Amino acid sequence: MEHNAAQMAENHGGGTKEVIRVTIILSVITLIELALGYAIIGMPPSTLVTAVKGSILILMMAKAFYIVAYFMHLKHELKNMIMTIVVPLALFIWFITAFLWDGNSYKNLRNTYDRHHAEQNSIKVEKKEHSSGEKHAQPSSDHKGH
Amino acid sequence: MATTATAMSTDTKWWNGGKSPFNVEYGKLMMWYFLMSDAFTFGAFLIAYGTVRFSTNGWPDPNEVFQSFPGLGSGYPLLFVSLMTFILIISSVTMVLAVQAGHHMDKKGVVKYLIWTIIGGAAFLGCQAWEWAHLHHEGAWWGSNPFPNMDGSKATTNFTNFFFTITGFHGFHVFSGVIINIIMLIMTLNNVFEKRGHYLMIEKAGLYWHFVDLVWVFVFTMFYLV
């Protein structure tokens, strides 16, 4: 990228080649995500499933990066301008951590101190058939929440 | 790239007046800041969804809920949403190509790729309308959730409430994006940008359209995959 500022205003970023490259990357990442999604269908919650879901989230962030950096050309803007957008978004780190932590804590407290709630949650209901027959119905009757 | 950017900010006195410090057109910068605020709106929705999901003992299995494909019936988890995802990615690509054609003052190219982008957006909206109609037919709506939790216990209506609110809000963004792109197409056909001497307006519409695709990356992952 040997552009100077004047050129950058006119023509930033790579040409059609870059578009094709990013399209292929995005498609491949999506296919991997879907493959991972298929792989965990019907599996009861476990460490492995959590790990796969974590990998899907990492791939999601990679896709977001490619869309913002190349399709939206943010990578080719001036650094100061990039920072005015990226730095405020760092709030999300706190935002996500604090709220999910709180949600999880609420669940644990309620299960510990509100026996009625915990019992209600372990009652099984008759499975309603929605327009379909049996598909990958997983007998996970021995699993009662966490 | 990082090295050239830092070299530039020390050599060139960006803040001494006489030039645009961010080297970006005003409208484009404001579009970026609007999108940042919109990111916080969607972020708030998705984090609310995550928080409620974390605070609940059971949750419906997305592969049980979303498993139908028009014309094929049910039993195809992830298939329909894969189609929707690829439609949106491809329409994002055609939008990039429209912006690039604009850089080269290629009116024909802009028109061609804008039309493809509009078709992609309309196709996505059609898919979403079908999915909503299908779920509604199964008894799912705001305040009504026919799907049991993964562990077989009775689910609350949180699942459907969040699903319809968030995909609805995203669908509304797709809809406005399609309207914006149609306006851009009409302006291009009327030679508005040709007379103005640049196609920077297409770039701003493009930023909005890519943002819609970006949000779908998150919505798609949160509701259908994890």
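So, here is what we can say about the structure in this document.

With respect to the overall build of chain B
Phase 1 of the analysis: A count of helical and extended segments in chain B gives 8 helices and 2 strands.
Phase 2 of the analysis: Along chain B, from the amino end to the carboxyl end, the secondary structure elements read α-α-α-β-β-α-α-α-α-α.
Phase 3 of the analysis: Put simply, chain B has 226 residues, and 56% of those count as buried.
Phase 4 of the analysis: Carbon and sulfur atoms make up 70% of the accessible area of chain B, which amounts to about 8900 Å² in all.

Here we look at the pattern of salt bridges
Phase 1 of the analysis: Enumeration according to the criterion identifies 4 salt bridges over all chains in this entry.
Phase 2 of the analysis: Of the charged contacts in the structure, one is a salt bridge between Glu77 of chain A and Lys28 of chain B, with a shortest N-O distance of 3.2 Å. Remark: Lys28 of chain B occurs in helix H2 (residues 26-54) and Glu77 of chain A occurs in the loop between helix H3 (47-71) and helix H4 (79-89); the pair is interchain, linking two chains. As far as the burial class goes, Glu77 of chain A and Lys28 of chain B line up, both buried.
Phase 3 of the analysis: Residues joined by salt bridges that share partners form a network here, namely Glu77 of chain A together with Lys28 and Glu203 of chain B.

Let's talk about the packing of aromatic side chains
Residues and elements named next belong to chain B.
Phase 1 of the analysis: For the coordinates displayed, the defined rule picks out 35 aromatic pairs over all chains.
Phase 2 of the analysis: Ring geometry for Phe163 and Phe223: centres 5.7 Å apart, planes at 80 degrees, overall edge-to-face. Taken as a pair, Phe163 in helix H6 (residues 158-189) and Phe223 in helix H8 (residues 200-225) lie far apart in primary sequence, 60 residues in all. Both residues of the pair, Phe163 and Phe223, belong to the buried class.

Brief notes about the packing of H3 of chain A against H8 of chain B
The description of two helices packed together rests on the angle between their axes and the distance between the axes.
Phase 1 of the analysis: In contact at an axis separation of 10 Å, H3 of chain A and H8 of chain B are set at 175 degrees when each is read in the N-to-C sense. On the basis of their axis angle, the class for H3 of chain A and H8 of chain B is roughly antiparallel. Along the contact surface, H3 of chain A presents Ile56, Leu57, Met60, Met61, Lys63, Ala64, Ile67, Val68 and Phe71 of chain A, while H8 of chain B presents His210, Asp213, Leu214, Val217, Phe218, Phe220, Thr221, Met222 and Leu225 of chain B.

A short note on H3 of chain A
Phase 1 of the analysis: Here H3 of chain A is 25 residues long and its end C-alpha atoms lie 35 Å apart, about the 36 Å a rise of 1.5 Å per residue gives.
Phase 2 of the analysis: For H3 of chain A, the full list of buried residues reads Val49, Val52, Ile56, Leu59, Met60, Lys63, Ala64, Ile67, Val68, Ala69, Tyr70 and Phe71 of chain A.
Phase 3 of the analysis: Buried residues belonging to H3 of chain A abut helix H2 (16-39) of chain A together with H2, helix H4 (79-103) and H8 of chain B.
Phase 4 of the analysis: Just past H3 of chain A, the residue His73 of chain A takes up positive phi, approximately 60 degrees.

Some thoughts on unusual backbone geometry
All names here are of chain B.
Phase 1 of the analysis: One non-glycine residue, Leu78, lies in positive phi territory at about 70 degrees.
Phase 2 of the analysis: Assignment of secondary structure puts Leu78 in the loop between strand E2 (73-74) and H4.
Phase 3 of the analysis: Positive phi, close to 65 degrees, is recorded for Asn191, a residue that is not glycine.
Phase 4 of the analysis: Relative to the elements of secondary structure, Asn191 occurs in the loop between H6 and helix H7 (192-196).

Let's talk about a nonpolar patch on the surface
Phase 1 of the analysis: Together, Phe172, Phe175, Ile179, Ile182, Ile183 and Ile186 of chain B give the surface a local cluster of nonpolar side chains, amounting to about 540 Å² of exposed area.
Phase 2 of the analysis: Of note, Phe172 of chain B is situated in helix H6.

Focus: the environment of Lys107 of chain A
Phase 1 of the analysis: With respect to the helices and strands, the residue Lys107 of chain A is situated in helix H5 (residues 91-113).
Phase 2 of the analysis: Residues Lys107 of chain A and Ala118 of chain A, 11 residues apart in the sequence, show an inter-C-alpha distance of 9.6 Å.

Some details on the interface of chain A and chain B
Accessible area lost when the parts come together is the quantity often used to give the size of an interface.
Phase 1 of the analysis: With 74 residues of chain A at the contact, the number on the chain B side is 69 residues.
Phase 2 of the analysis: A combined buried area of about 6500 Å² lies between chain A and chain B, and 70% of that area is made up of carbon and sulfur atoms.
Phase 3 of the analysis: Going through the elements one at a time, helix H1 (5-10), H2, H3, H4, H5 and helix H6 (115-121) of chain A are the ones with two or more residues in the side of chain A that touches chain B.
Phase 4 of the analysis: Its residues placed into classes, the side of chain A that touches chain B shows 36 nonpolar, 25 polar and 13 charged.

A look at the nonpolar core
Phase 1 of the analysis: By size, the foremost hydrophobic cluster in this structure holds 86 residues, and its most contacted members are Ile202, Trp216, Phe223 and Tyr224 of chain B.
Phase 2 of the analysis: For this core, the secondary-structure elements that each account for two or more residues are H2, H3 and H4 of chain A together with H2, H4, helix H5 (107-137), H6 and H8 of chain B.

Section: the packing of H2 of chain A against H8 of chain B
Phase 1 of the analysis: For the pair H2 of chain A and H8 of chain B, interaxial distance at closest approach is 11 Å and the crossing angle is 15 degrees. Taken together, the axes of H2 of chain A and H8 of chain B are roughly parallel relative to one another. Between H2 of chain A and H8 of chain B lies a crossing whose hand is right-handed. For the pair H2 of chain A and H8 of chain B, contact is made by Glu33, Leu34 and Gly37 of chain A and by Phe220, Thr221 and Leu225 of chain B, respectively.
Phase 2 of the analysis: In terms of residue class, the contact of H2 of chain A with H8 of chain B is built from 3 nonpolar, 2 polar and 1 charged.

Calculation rules
Residues numbered from 1 in each chain as written. Chains lettered and ligands numbered in written order. Predicted model: local features only at pLDDT ≥ 70, side-chain atom pairs only at ≥ 80, totals over all residues. Heavy atoms only, no water. Helix = DSSP H or I, 4+ residues; strand = E, 2+ residues; numbered from the N terminus. Buried < 20%, exposed > 50% of the residue type's maximum accessible area, 1.4 Å probe, protein only. Areas by Shrake-Rupley, 256 points an atom, 1.4 Å probe, with all protein chains shown as cover. Salt bridge = Lys/Arg side-chain N within 4 Å of Asp/Glu carboxyl O. Phe/Tyr/Trp six-rings, centres within 6.5 Å; stacked < 30°, edge-to-face > 60°. Axes fitted to C-alpha atoms, helices over the stretch in contact; angles between N-to-C directions. Parallel < 35°, antiparallel > 145°, perpendicular 65-115°, else oblique. Contact = heavy atoms within 4.5 Å. Expected span 1.5 Å × (residues − 1). Patch = residues over 30% accessible without salt bridge, like charges linked within 9 Å, V, L, I, M, F, W, Y side chains within 5 Å. Buried area = accessible area lost by both parts, 1.4 Å probe. Nonpolar A, V, L, I, M, F, W, Y, C, P; charged D, E, K, R; others polar. Core = buried A, V, L, I, M, F, W, Y, C linked by side-chain atoms within 4.5 Å. Left-handed = near helix turned anticlockwise from the far one by under 90°.

Keep in mind these numbers describe shape, not what the thing actually does.
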